[in-house]
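Breakdown of the fold
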Amino acid sequence: MPPVVELQHVTVRYGARTALQDVSATFPTGAVGLLGPNGAGKSTMLRALLGFVPPTEGQMTVLGLDVAKSPLAVRARIGYMQETDGHIPGMNAVSFVAFCGELSGLPRADAMQRAHEVLFYVGLGEARYRNLETYSTGMKQRIKLAQALVHDPELLFLDEPTNGMDPKGREEMLTLIADIARNKGLNVILSSHLLPDVEYTCEHVIVLDKGTVATQGRIEGLKGPGGSLVELRVKGEPAPFFAALAGAGFQVHESDDDVMRVFVPEGHDPQAIFGLASTHRIQVRHFRPSVETLEDVFAKAVGEA
Amino acid sequence: MPIHDQGYRHYAGRKRPLGTAWWVIARQQIRTVLTQKRYLALLLIAWIPFVARVVQIYLAANFQQAAFLATSKELFRGFLDQQGLFVFLLIVGASGAIADDRRANALQVYLSKPLTRVEYIAGKLFAPFAFVLSVTLVPALLLLIVHVAFAGSLTFVTQNLYLLPAILLYSVVLALVGTFTMVALSSLSKSRRFTALTFTGLFFFTTAMYQALQRITGSQLWALMSPRDLLSVIGDAAFRIPGQRAVPLWAALIAVMVIIGLSVAVLEKRIRGVEVVK
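Quick caveat: nothing in here was measured; it's all calculated off a predicted structure.

1. Notes on the overall build of chain A
Tallying secondary structure elements over chain A gives 11 helices and 14 strands in all. Evaluated residue by residue, chain A yields a buried proportion of 46% over its 305 residues. Restricting to contacts in chain A with at least 6 residues of sequence separation, those with at least 24 account for 68%.

2. Looking at the confidence of the model for chain B
Considering every residue of chain B, the mean pLDDT works out to 90; 96% of them sit at 70 or more. Here the predicted complex carries an ipTM of 0.87, next to a pTM of 0.84.

3. Section: the interface of chain B and chain A
Listed per partner, the contact involves 35 residues of chain B and 42 residues of chain A. Looking at the side of chain B that touches chain A, the elements that each hand over two or more residues are helix 1 (21-34), helix 6 (96-103) and helix 7 (107-111) of chain B.

4. Focus: the pairing of strand 9 (residues 204-209) of chain A
Residues and elements named next belong to chain A. Most of strand 9 is tucked away: five of the six residues are buried. Inspection of the sheet shows strand 3 (residues 31-35) paired to strand 9 by four bridges, in the parallel sense. Directly across from Leu35, in strand 9, lies its bridge partner Val207. In this structure, strand 9 lies alongside strand 10 (residues 212-218), joined through six bridges in antiparallel fashion.

5. Things to note about the domain arrangement of chain A
All names here are of chain A. Domain assignment breaks chain A into domain 1 (5-219) and domain 2 (224-302). The C-alpha-based centres of domain 1 and domain 2 are spaced at 38 Å. Residue-level contacts link 11 residues of domain 1 with six residues of domain 2. Broken down by secondary-structure element, the contributors of at least two residues to the side of domain 1 that touches domain 2 are helix 7 (195-201), strand 9 and strand 10. For the side of domain 1 that touches domain 2, the per-class residue count stands at eight nonpolar, one polar and two charged.

What counts, and at which threshold
Residue numbers run consecutively from 1 along every chain, following the written order of its sequence. Chain letters and ligand numbers both follow the written order, the letters beginning at A and the numbers at 1. Thresholds applied to this predicted model are a pLDDT of at least 70 for local features of residues and 80 or more for the giving and counting of side-chain atom pairs; totals over whole chains, interfaces and linings are not thresholded and use all residues. We count a stretch as a helix when DSSP gives it H or I for four or more residues in a row; a strand needs E for two or more, and each element gets its number in order from the N terminus. To sort residues by exposure, count the other C-beta atoms lying within 10 Å of each residue's C-beta; 20 or more gives buried, 12 or fewer gives exposed, and values between give partly exposed, all with C-beta atoms placed from the backbone. Two residues qualify as being in contact provided that their C-beta atoms, derived from the backbone, are within 7 Å of each other. Confidence of the predictor at the level of single residues is given by pLDDT, which spans 0 to 100. Whether two strands pair depends on DSSP finding at least two bridges between them. What fixes the domain bounds is an automatic or database domain assignment. Each residue is assigned to one of three groups, with Ala, Val, Leu, Ile, Met, Phe, Trp, Tyr, Cys and Pro labelled nonpolar, Asp, Glu, Lys and Arg labelled charged, and all others, Gly among them, labelled polar.

Spelled out as structure tokens, the structure:
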């Protein structure tokens, strides 16, 4: 399967600030998470792919089309759910979504019919005649998804789709996104700084950090590349012990609580941790084999050790 | 729990070709305006002077006592001058054209669709432009037809053939200057009220400045800084009426082009999918 989106050595600058630096990435078909802390360049990448921000260097293709040469043809085949709220003043949900459909090339009658359909699909069927300005944050997120879907795009760009939603609404939004990607045959690029959102909906992930690609690949592959993981809690002076672990090839990731996660590379014996602890007069209070999560992948990728 | 799966289907119909989205925007603008009773009333009231002129033409054509009301080029020039008030109000009514979109953060919604910035701007310009022509060009041309109908001959028209292009030129220039300026101003703010006040202020301020500077310096060339007076110069020249301002037509036309050029430059800068703060 050819990639849905491909970036080759893309650099984007806003004046003197570099938002993306020599980024090369391949988005395969299906759902791909674009992960990174705030300011990593996720939204900039989506805006560059939409043609809003021309890159100073590099080349981008979307669905086989060169973004620089055919931005309109690209935008005709994608749906974009922007991060910030956005609507056309004075419209209700049906007229807004139908209007977006018309802007995307649907004939008027078809746009209206599809507006009703997608509004039911995203769960706004009963509220579709309400003025958009009276919508709650969660409803606004859904209406943004509806306007991105109305023209039946081949690829969806979702920029922080669960922003500001309550837990129930967030779960429903993620279920919708997963359904779109797995059952409706649409390709999805989900930009988020929320790891669970990406882990729930996507098979692939591209991690951005400070405008560069920190890592990319299948989530399962990134989570389990040989080696193992243990949770560890110790008593004693930890700094020399951690240094010794690092010297022995282990990676230590501290967490907010007193439990740390130690990556044991392939070929290393986890039992060696006890030997090092004993050498540095450290009591091991808790030692439990664990599984690697996307959070660990992210932490390793962006160097949050 | 599967939720909301109530019939998302893939679209199997044909889509419109690219490059037609401007008309979708224009049509939506027109529809929005026509649902506003005040605007609709203004459009209707703007035709009252036309009715008065029709009566004048009728009287002049049918009653010798009313011969002093005979149709002349001054009638058309005066009519279009009278319409200036309605043109001003119609243009002020379009102050939210882009300001409303900026307030609602709608620019990204528009520009993420398959349309260019030029199409977006064209869509936004079209409605006020069309409404202005509907109270200037259309009734003025109808007055010519009414005259022919009441007079029963084409003599006046054939003797004053320049009136057709004059009406067209003056109406179009009036509409272009007004709509470009207003839409450009609208792109600078998120408030339609602020935009309307700025436009009104500019209109009256530049007129007052011209009059003051003209009195102080004695030069009428200051009319070049006042859109209202520029348009008068162009109108006088188009209708072949001796002008009150000693400003050459070419200078007035260049000044009009500068106004439109500045508006285009502002729109080019402001209408973007991403606002870059440097």
